[in-house]
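Chain by chain, the residues:
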Amino acid sequence: MELTSFTDYSLRVLIYLARNREELSSIGELADYYDLSRHHLAKIVNRLAELGYIDAIRGKNGGVRLAQEPAQINIAAVIRQTEPHFNLVECMGPKGHVSKCMIHGDCKLKGALAVARGHFFAHLEQYTLADVATTSKAVSCAGG
């Protein structure tokens, strides 16, 4: 399973803002830091603001900052709200895709993957932005 780049960068923006709580950050600053287009980053920031995770302040001295304490932002919730779907295989999608599968009636793959997806989210429910934004926690990009 791979998260979309939109979700990946949504999490990265939240981590950046959690680590830089003392000041407002600009979209340009975030775009430069992550080497991402300002346009794409603006979409991410707008969505995070709509969801209530960040405050976006317009104007000359504007910028973005977290709207909540990092310990209040659950990682699983962010992923659920930024991913378009969690269909790990085609048959998990809209009913129209099921007709393409020749073994639909006899296959238990869909059920097994649904259980795995449940475990994935159950595990991530244990983590907040505070957990993943600090360098002292034993959670690393290498899978720690």
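Residues numbered from 1 in each chain as written. Predicted model: local features only at pLDDT ≥ 70, side-chain atom pairs only at ≥ 80, totals over all residues. Heavy atoms only, no water.

Asks: Can you help me understand the side chain of glutamate 83 in this one?
Replies: With respect to the secondary-structure elements, glutamate 83 resides in the loop between helix 4 (75-82) and helix 5 (109-124). One buried charged residue, glutamate 83, forms no salt bridge at all, with the nearest opposite charge on arginine 117 at 11 Å. Residues in contact with glutamate 83, not counting those within four places in the same chain, are Leu3, Thr4 and Thr7. (Helix = DSSP H or I, 4+ residues; strand = E, 2+ residues; numbered from the N terminus. Buried < 20%, exposed > 50% of the residue type's maximum accessible area, 1.4 Å probe, protein only. Lys, Arg positive; Asp, Glu negative; His and termini not counted. Salt bridge = Lys/Arg side-chain N within 4 Å of Asp/Glu carboxyl O. Contact = heavy atoms within 4.5 Å.)

Asks: What exactly am I supposed to notice about unusual backbone geometry here?
Replies: Backbone phi values are negative for most residues with the exception of glycine, while trans is the configuration of most peptide bonds. Within the chain, aspartate 35 stands out as a residue other than glycine whose phi angle is a positive 50 degrees. Considering the arrangement of structural elements, one finds aspartate 35 in the loop between helix 2 (27-34) and helix 3 (38-50). Look at aspartate 35 and you get exposed, because its relative accessible area is 72%.

Asks: Can you walk me through the environment of serine 26 in this structure?
Replies: Looking at the element boundaries, serine 26 is found in the loop between helix 1 (5-19) and helix 2. Judged by relative accessible area, serine 26 falls into the partly exposed class, the value being 31%. C-alpha separation for the pair serine 26 and isoleucine 57, spaced 31 residues apart in sequence, amounts to 9.6 Å. A distance of 2.9 Å separates the side chain of serine 26 from the backbone nitrogen of glutamate 29, its partner in a polar contact. (Polar contact = N/O pair within 3.5 Å; in protein donor to acceptor, adjacent residues only side chain to side chain.)

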